[in-house]
Every structure is written in structure tokens, then in C-alpha cells.
Amino acid sequence: MSEARRVLRQALALGALSVLVAAAVNAPLIRRFVRGEFRESFFQAAEYPGIRLITLEEGEDLWRVGTAVLIDARRASLYKEGHLPRAVSLPAEETAKTLPSDVLALPREGTIVVYCEGGDCQSSLLLAKRLHGERFKDIRVMTGGWAGWQAAGLPEEKSDGRK
Amino acid sequence: MVGNKTVLFVFRMILGGLFVYAGVVKVLAPLDFAQNIRNYDLVGRSLSFIAAVVLPWLEILAGAFLIAGIWRRGAALVVSGLLVFFIALTVATIVRGLDVDCGCFGAIDRKAGFGVIIEDLAMLYLGLCILFSKKGRSSKGTVPLKKANSPGSAIS
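I will try to describe carefully the structure that is included in this document. (Residues numbered from 1 in each chain as written. Chains lettered and ligands numbered in written order. Predicted model: local features only at pLDDT ≥ 70, side-chain atom pairs only at ≥ 80, totals over all residues.)

## Here's the deal with the overall build of chain B
Put simply, the rule is: A helix here means a DSSP run of H or I that spans at least four residues, while a strand means a run of E at least two residues long, and both kinds are numbered starting from the N terminus. Neighbour density around each residue's C-beta defines its exposure: 20 or more other C-beta atoms within 10 Å make it buried, 12 or fewer make it exposed, and counts between make it partly exposed, where C-beta atoms are placed from the backbone. Once C-beta atoms are placed from the backbone, any two residues with those atoms within 7 Å are in contact.
Helix and strand counts for chain B come out as seven helices and zero strands. Overall, chain B shows an N-to-C arrangement of helices and strands of α-α-α-α-α-α-α. Taking all 156 residues of chain B together, the buried fraction comes to 39%. Pairs at least 24 residues apart make up 69% of the contacts formed inside chain B by residues separated by at least 6 positions.

Written as C-alpha cells, this is what we have:
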């Protein structure tokens, strides 16, 4: 066998071995994926007991009750164009090091609803994990996001308070 | 390319060690890595998951084989191939203007940028040195020659 072919066969064998080991080690995780557990996000709820993914309807209910703090995790420019009424802007990309003091001053037991663009956006979950790290105990991530909220024809607010 | 045996040994240890480390940190958090891959916005959720499950083990095995000196050129081919892919991916990410964590060494926050490309190029150089080294070539290929040329084997 030529040297090049032998090296290629070694590489392919390494690839096959990796697939086998990966399948064996991750069998429980693969089963969960096949069951559709990570359809919304690659998120292991057990690691973050204070975080729950909620539907748009649940988010709307919390918004109507009015006791939860609503946080918009999108970029500030998107927030200015329109957001959930009463939502505050806290772009996830600006919170890598520390969260603002007014957020840190919030009661840890209160409900916080976080959202981002919608679809496959991850900034709300990223922000939720940071809030979890600050020991907030009830963080809800609205998976439908802003796109879902708009599509449902729910009320909007501009940054200057216009509706 | 480098032909010195000791230098190639050091290259194998460095490259193998880096790949084992990169693989282990990803194996410890496969879902975080899956999200990293998904954030590149090149493949869907299923492929991101499959890659996140398999890729770390490919890194670990190729790295370990490099260190152990087993199938060293095959392992160097895998490592070099992965690095070419990582470089292309990072270049594409910069061109597309995406702001994503590279996911190179698990949870360590690093953006996919020029620094990552330079590191990958340095590692690629090590990988190619091992891949094209004469020392790494199979003993199988040289055995018949040795036998044919060996006076001892001909006499006995």
C-alpha cells in the first residue's frame, strides 16, 4: 500500500474511532437530543435551576400581571426601534464583565423575564445565565423573543415611551 | 520542513498536548460547544450537535496518538485537516462580520479573530512538519529494504 494511502487510512480510522467513542460516551445526551429536548436551545436546565424557558403566551401573561421585571437583551439600537412596554434595555454583549448596579440591586426572589430577537437568538439565555450567576432565583427566558411578540400583534413601545 | 528527531518529538508533544486539552474542555461541556458551533450560523441544530459530540473526541484521540507516537502521520493529517478547517471557518467569520466566541478551548471567552488564525497557522506548521517528516514514515515500508540489504539476514 502506498504511504499516502496508509496515512489516509489511519486518519479515517481515527475518525471512525472518534465517532464510536463519542457515541458511547454521549449516549444519554444523544437520546435526549433525539427526543427533541434541545429544540429551543442547547441548554441544560438542571445546571441552572433558576432559569426556565417560557412560551410567548406565558411571557404575555407575566407582562399583563405587571410584577415581573422585563429585560430586553438585544442591542441598544434595536431596543430603541421598539420593545415590550416597560422593558428595560440590557444588551447581553455589554454585560460580559459585570451587570449594572440597578440590576444587581433588584430583589433576588423577584421574577425576571428576558428576551432577545427571537428565532435562534441566544443573548437572552446568555444574560439569564449571568443573572443566575448573581443568584437571581426566578429567571424566565421568553423563547419567542421580539419577533414572536411583534408577530402576535402585541403592544410595542419606542425608547422615548411612544406606543 | 524540520527533520530533526528531537524537534519533531517536541512538536508532537506540543501539538498533541494542545489538542488533548482542547478536546477535554469541550467534552466536559458538549452543549456549550454545540451552541458555539451553532453561533457560527453555518450549520443547523442537528449538525451542530453531532459536531459538538464527535469533534472533541477526534481532537483528543488525534492528540493522544501524536503524543504516544502511534499512527503519528495519520494523526498529523487529522490535526492539520482540522486546523485548515478552523482557519477557513475563522476567516469566513471575519469576512461575514460575525461576533462569535471561537469555541477553541471550551468556555474560555475568545472571539474568532486574527489572533486565533495566527495560532492555528503556527499549529498547522507543526502538524505539517510531522505529516511530512521522514522519521514518521512507516517502518513497514522500510523493512523489506532492510532485509534485502542486510547481510546478516541473507546468511542466516
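## Notes on the pairing of strand β4 (residues 111-115) of chain A
All names here are of chain A. Which entries qualify depends on this criterion: By the convention used here, strands pair only if DSSP detects at least 2 bridges between them.
For β4, the tally of buried residues reaches four of five residues, placing the bulk of the element in the interior. By the bridge criterion, four bridges tie strand β2 (residues 69-72) to β4 in an arrangement that is parallel. Considered in β4, the bridge of D72 is made with Y115. For β4 and strand β5 (residues 138-142), the ladder comprises four bridges, and the chain directions are parallel. The residue of β5 that forms the bridge with V113 is R140.

## Points about the interface of chain A and chain B
Applied cut-off: Any residue that is not Ala, Val, Leu, Ile, Met, Phe, Trp, Tyr, Cys, Pro, Asp, Glu, Lys or Arg is counted as polar, Gly included; the first ten are nonpolar and the last four charged.
Contacts between the two partners involve 21 residues from chain A and, on the opposite side, 23 residues from chain B. Breaking the side of chain A that touches chain B down by element, the ones donating at least two residues are α1 (3-25) and α2 (27-34) of chain A. The greatest single-element share of the side of chain A that touches chain B, amounting to twelve residues, is contributed by α1(A). Here the residues of the side of chain A that touches chain B sort into 13 nonpolar, six polar and two charged.

## Describing the sheet that holds β2(A)
All names here are of chain A. Applied cut-off: Helix axes use the C-alpha atoms of the stretch in contact, all axes being lines fitted to C-alpha atoms, and the angles between their N-to-C directions lie in the range 0 to 180 degrees.
Overall, parallel pairing links the five strands, which are arranged β1-β5-β4-β2-β3 in an open sheet. The outermost strands of the open sheet, each flanked by one partner alone, are β1 (51-54) and β3 (88-89). Pairing geometry for β1 and β5, over four bridges, is parallel. Bridge pairing links R52 to R140 in β5. The strands touched by helix α3 (residues 56-65) within the sheet are β1, β2, β4 and β5, with β4 carrying the most contacts at an inclination of about 130°. Docked against the sheet, helix α6 (residues 123-133) engages β1, β2, β4 and β5, running at close to 175° with respect to β5.

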